[in-house]
Each structure stands twice: as C-alpha cells, then as structure tokens.
Amino acid sequence: MEAHTGDRLLMHGRTVGQHDRVAEIIEVLGDGGAPPYRLRFEDGHEHLMSPGPDSVVQHVETPRGEQPLWPRDGRQR
C-alpha cells in the first residue's frame, strides 16, 4: 500500500450494517508512502493508523501550478 499526503483512505465495513469510512491522509509516517498514516476523519478527529486489507487508498492528483494551503496536509487553496 502506497499513499501520499492529501490522498483518501477508504475503509470498508467489516460486518453487515457497518458503513464504509473515509479519511484524508494528512501525514505519511512510513518510508516510501508506506503505513502508518495520520488520518483526519470527516468529523474532524485525527487518528494514527496502519490500515488492513479492507482498506483502499484513493489517490488525489494535485493540478499543476497549485500550491498546498497547509504544507502538512496538502490541502489546496
């Protein structure tokens, strides 16, 4: 699994009735894009996580010429 700051992590529900969760990767702590990742969820809380096999990285491409508003988490202006 390889991710970059600004990508999204989709974690599929493990049991019937459990919804998928989506979080923004705000920091990559492993070498070469490997876990663990610092995540920010939609409700604003942050979590340090090494995702399991039920997770998928959704890569987000930054348009050329745009600079991140916050260098730490890569969000755009």
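The preceding data block contains the structure.
Presented here is an overview of the structure given in this document. Just so you know, these numbers come straight off a predicted model, no measurement behind them.

### Describing the side chain of Ser-55
Next up, step 1: Checked against the element boundaries, Ser-55 lands in strand β5 (residues 55-58).
Next up, step 2: The class of Ser-55 is buried, set by a relative accessible area of 8%.
Next up, step 3: In contact with Ser-55, other than residues within four places in its own chain, are Met-1, Leu-9, Leu-10 and Met-11.

### Quick look at unusual backbone geometry
Next up, step 1: The linkage connecting Pro-35 with the following residue, Pro-36, adopts the cis geometry, with an omega of 10°.
Next up, step 2: Among the secondary structure elements, Pro-36 is positioned in the loop between β2 (21-28) and β3 (37-41).

### Here's the deal with the pattern of salt bridges
Next up, step 1: On inspection of all chains with the given rule, the structure shows three salt bridges.
Next up, step 2: Where Asp-54 meets Arg-14, a salt bridge forms, and the shortest distance between an N and an O atom there is 2.9 Å. Residue Asp-54 is found in the loop between β4 (46-49) and β5, and its partner Arg-14 is found in the loop between β1 (8-11) and β2; the two are separated by 40 residues along the sequence.
Next up, step 3: With a relative accessible area of 66%, Arg-14 lands in the exposed category.
Next up, step 4: For the salt bridge of Glu-46 with Arg-40, the shortest nitrogen-to-oxygen distance reads 3.1 Å.

### Here's the deal with the environment of Ala-3
Next up, step 1: Of note, Ala-3 is situated in the segment before β1.
Next up, step 2: Sequence separation between Ala-3 and Gly-30 is 27 residues; the distance between their C-alpha atoms is 9.7 Å.
Next up, step 3: In contact with Ala-3, other than residues within four places in its own chain, are Ile-25, Val-28, Gly-33, Tyr-37, Val-57 and His-59.

### Description of the sheet that holds β5
Next up, step 1: The antiparallel open sheet is built from five strands, whose spatial order is β4-β3-β2-β1-β5. Each edge of the open sheet is held by one strand with a lone partner, namely β4 and β5. Taking the axes of each pair of neighbouring strands and ignoring which way they run, one obtains an average angle of 35° across the sheet.
Next up, step 2: By the bridge criterion, four bridges tie β1 to β2 in an arrangement that is antiparallel. Its bridge partner being in β2, Arg-8 is matched across the sheet by Glu-24.

What counts, and at which threshold
- Residues numbered from 1 in each chain as written.
- Predicted model: local features only at pLDDT ≥ 70, side-chain atom pairs only at ≥ 80, totals over all residues.
- Heavy atoms only, no water.
- Helix = DSSP H or I, 4+ residues; strand = E, 2+ residues; numbered from the N terminus.
- Buried < 20%, exposed > 50% of the residue type's maximum accessible area, 1.4 Å probe, protein only.
- Contact = heavy atoms within 4.5 Å.
- Salt bridge = Lys/Arg side-chain N within 4 Å of Asp/Glu carboxyl O.
- Pairing = 2+ DSSP bridges.
- Axes fitted to C-alpha atoms, helices over the stretch in contact; angles between N-to-C directions.

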